[in-house]
Amino acid sequence: MPKMKTRRGLKGRFRLTASGKVKRQSSHFIHILTKKSSKRKRQLRGTTLVSAADTPRMRRMLGH
């Protein structure tokens, strides 16, 4: 059986933490920022974790 190929587009968007969780950038922070409040933009700046239900699939796609 051949090896599973890594989804190369995901490699730049998702990272694994030391405990095996998947980290991602918050969405809605690329454009149309004028109508968003400063508080909302400040909170979107950080990273969040992928939900527990999606983590196994993301790990497979990342090749781990």
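Residues numbered from 1 in each chain as written. Predicted model: local features only at pLDDT ≥ 70, side-chain atom pairs only at ≥ 80, totals over all residues. Heavy atoms only, no water.

Let's talk about the overall build of the chain
So, step 1. Looking only at helices and strands, the chain features three helices and three strands.
So, step 2. Ordered by position from the N terminus, the helices and strands of the chain form the series α-β-β-α-β-α.
So, step 3. Over its C-alpha trace the chain gives a radius of gyration of 15 Å, far above what one expects of a compact globule, namely 11 Å for 64 residues.
So, step 4. In the chain, buried positions account for 19% of the 64 residues.
So, step 5. If you take every contact in the chain between residues at least 6 apart in sequence, the share linking residues at least 24 apart comes to 53%. (Helix = DSSP H or I, 4+ residues; strand = E, 2+ residues; numbered from the N terminus. Rg over C-alpha atoms; globule rule 2.2 N^0.38 Å. Buried < 20%, exposed > 50% of the residue type's maximum accessible area, 1.4 Å probe, protein only. Contact = heavy atoms within 4.5 Å.)

With respect to the pairing of strand β2 (residues 22–25)
So, step 1. Across three bridges, strand β1 (residues 14–16) lies against β2 in antiparallel orientation. In the strand pairing of β2, Arg-15 is matched with Lys-23.
So, step 2. Between β1 and β2, which pair antiparallel in sequence order, lie five residues; one of them, Gly-20, sits at a positive phi of approximately 95 degrees.
So, step 3. As paired strands, β2 and strand β3 (residues 47–49) are joined by three bridges and run antiparallel to one another. What sits directly across from Arg-24, in β3, is Thr-48. (Pairing = 2+ DSSP bridges.)

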